[in-house]
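Residue-level structural notes
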Amino acid sequence: EDKVVQSPLSLVVHEGDTVTLNCSYEVTNFRSLLWYKQEKKAPTFLFMLTSSGIEKKSGRLSSILDKKELFSILNITATQTGDSAIYLCAVVGAGGTSYGKLTFGQGTILTVHP
Amino acid sequence: DGGITQSPKYLFRKEGQNVTLSCEQNLNHDAMYWYRQDPGQGLRLIYYSQIVNDFQKGDIAEGYSVSREKKESFPLTVTSAQKNPTAFYLCASSNEGFYGYTFGSGTRLTVV
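The structure presented is a predicted model; accordingly, all values stated were derived computationally and were not measured.

Observations concerning the overall build of chain A
Along its length, chain A carries 0 helices and 11 strands. Traced from its N-terminal end to its C-terminal end, chain A shows the element sequence β-β-β-β-β-β-β-β-β-β-β. Relative to the compact-globule value of 13 Å for 114 residues, chain A shows a C-alpha radius of gyration of 14 Å, a close match. The dimensions of chain A, computed from C-alpha atoms along their principal axes, are 45 × 30 × 20 Å. Within chain A, the fraction of its 114 residues that count as buried is 47%. Once local pairs closer than 6 in sequence are excluded, the contacts in chain A between residues at least 24 apart make up 55%. As displayed, chain A offers around 5,300 Å² of accessible surface, 51% of which is attributable to carbon and sulfur atoms. Within chain A, one finds 11 positive and 10 negative side-chain charges whose respective centroids are separated by 7 Å.

Here it is as structure tokens:
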């Protein structure tokens, strides 16, 4: 069974802090790893990672994948109150019973105080 | 505009009744998914379908049923066998190659 585990489950910081969110996975056939931000309803896409060691950046957010150790991290620098959300990690299966299956972790609830 | 429409946004039902949640997409995506989300938690996969007339159970399929008679539509029925149906339900679809996923805005089901 495919499995995605995120840590920490919740995190409370103050504006300006830097945070690192973790995602580890066990997938029979790995295709890609996705990060999403969810504030109220539908998750919004942040990053898709398919190759190890290549950092993806978007403003204050960045993410990297390690396919050997089966994990990814999402970094947020200079946090703002608008970063408060649930951050979701998901993996896409590439073959067999996992083909096309999108499996999510439990999510990390990030709260940023002014 | 292309996208996924879930309806209704809010749904109230009495315990013991079956209820069907609608999910329609006009993105021409082959694959569609149903997820359940409980407060403060991640998304758990209920069912997914990679092609018309075919679907697979996800991690928590018990008490749910789906159909995929048309490419555009993937309705989810929450049956009376689902012991704790109150939750937020999200539908998603993906393009060929599974490089992009689109989510609907969700249906919040409350069973009283």
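We are not done yet, so read on.
A closer look at the sheet that holds strand β1 (residues 4-7) of chain B
All names here are of chain B. Read across the open sheet, the 4 strands follow the order β1-β3-β8-β7; overall the sheet is antiparallel. The open sheet terminates on both sides in strands that have one partner only, identified here as β1 and β7 (64-66). Averaged over neighbouring strand pairs, the angle between their axes works out to 20° when direction is ignored. Relative to strand β8 (residues 76-78), strand β3 (residues 19-25) is paired through 3 bridges, and the arrangement is antiparallel. Counted as the bridge partner of Leu21 is Leu76 from β8.

Section: the packing of aromatic side chains
When we look at a pair of aromatic rings, we describe it by the centre distance and by the angle of the planes. Per the stated rule, a full pass over the model turns up 12 aromatic pairs over all chains. With a centroid separation of 6.0 Å and an interplanar angle of 75°, the aromatic rings of A:Tyr36 and A:Phe45 are classed as edge-to-face. Using a relative accessible area of 1% as the deciding quantity, one classes A:Tyr36 as buried. Take A:Phe45: its relative accessible area is 46%, and that puts it in the partly exposed class. Look at A:Tyr36 and A:Phe104: their rings are 5.9 Å apart centre to centre, the planes differ by 45°, and that puts the pair in the tilted class. Of this pair, A:Tyr36 sits in strand β4 (residues 30-38) while A:Phe104 sits in strand β10 (residues 102-104), placing them 68 residues apart in sequence. As far as the burial class goes, A:Tyr36 and A:Phe104 line up, both buried. Members of the aromatic cluster, connected to one another through ring pairs, are A:Tyr36, A:Phe45, A:Phe104, B:Tyr33, B:Tyr35, B:Tyr48, B:Tyr101 and B:Phe103. Seen from the ring of B:Phe74, B:Arg68 lies directly overhead, with NZ or CZ sitting 5.9 Å from the centre.

Quick look at the pattern of salt bridges
On inspection of all chains with the given rule, the structure shows 5 salt bridges over all chains. With a shortest N-O distance of 2.8 Å, A:Arg60 and A:Asp83 are connected by a salt bridge. Here the residue A:Arg60 occupies a position in the loop between β6 (56-58) and β7 (61-66), and A:Asp83 occupies one in the loop between β8 (71-76) and β9 (85-93), the gap between them amounting to 23 residues. The exposure class of A:Arg60 is partly exposed, given its relative accessible area of 26%. For A:Asp83, a relative accessible area of 5% translates into the label buried. As a salt-bridge pair, B:Asp59 and A:Lys101 come within 3.6 Å of each other at their nearest N and O atoms. Pair noted here: B:Asp59 is in the loop between β6 (54-57) and β7 and A:Lys101 is in the loop between β9 and β10, and the two residues belong to different chains. With relative accessibility at 35%, the residue B:Asp59 sits in the partly exposed group. Classification of A:Lys101 as buried rests on a relative accessible area of 9%.

Quick look at the environment of B:Arg36
Residue and element names in this part refer to chain B. Inspection of the secondary structure puts Arg36 in strand β4 (residues 31-37). As a C-alpha pair, Arg36 and Pro85 span 49 residues in sequence and 9.3 Å in three-dimensional space. At 3.0 Å, the side chain of Arg36 forms a polar contact with the side chain of Asp38. Polar side-chain contacts of Arg36 include one of 3.5 Å to the backbone oxygen of Thr86.

Rules behind the numbers
- All residue numbers here refer to positions counted from 1 along the written sequence of the relevant chain.
- Chains and ligands are labelled by the order in which they are written, letters from A for the one and numbers from 1 for the other.
- The predicted origin of the model limits local features to residues at a pLDDT of at least 70 and limits the giving and counting of side-chain atom pairs to 80 or more, whereas totals for whole chains, interfaces and linings rest on all residues.
- Note: side-chain values were computed over all heavy atoms of the structure, leaving out hydrogens and water.
- Every helix listed is a DSSP run of H or I at least four residues long, and every strand listed is a run of E at least two residues long, numbered separately from the N terminus.
- Our radius of gyration looks at C-alpha atoms and nothing else; its globule reference is 2.2 Å times the residue count to the power 0.38.
- The buried label applies to any residue whose accessible area, calculated with a 1.4 Å probe on protein chains only, is under 20% of its type's maximum; exposed applies above 50%, and partly exposed to all values in between.
- Should any heavy atoms of two residues lie within 4.5 Å, those residues are counted as being in contact.
- Note on areas: Shrake-Rupley, 1.4 Å probe, and residue coverage restricted to the protein chains presented here.
- In this tally Asp and Glu are treated as negative and Lys and Arg as positive; neither His nor the chain ends contributes.
- For charged residues, the charge sits on one atom: NZ in Lys, CZ in Arg, CG in Asp, CD in Glu.
- Whether two strands pair depends on DSSP finding at least two bridges between them.
- Structural elements are reduced to axes, namely lines fitted to C-alpha atoms, with helices fitted over the stretch in contact, and the angle between N-to-C directions of any two is expressed from 0 to 180 degrees.
- Pairing of aromatic rings covers Phe, Tyr and Trp, the last through its six-membered ring, and needs centres within 6.5 Å; plane angles under 30 degrees mean stacked, over 60 mean edge-to-face, and all others mean tilted.
- Counting as a charge over the ring demands two things of the Lys NZ or Arg CZ atom: a distance within 6 Å of the ring centre and an angle within 35 degrees of the ring normal.
- Any Lys or Arg side-chain nitrogen found within 4 Å of a carboxyl oxygen on Asp or Glu counts as a salt bridge.
- Whenever a nitrogen or oxygen atom comes within 3.5 Å of another N or O atom, the pair is scored as a polar contact, on the condition that within protein one atom can donate a hydrogen and the other can accept it, and that pairs from neighbouring residues in sequence are kept only if both atoms are in side chains.

The values are spatial; any link to function lies outside them.
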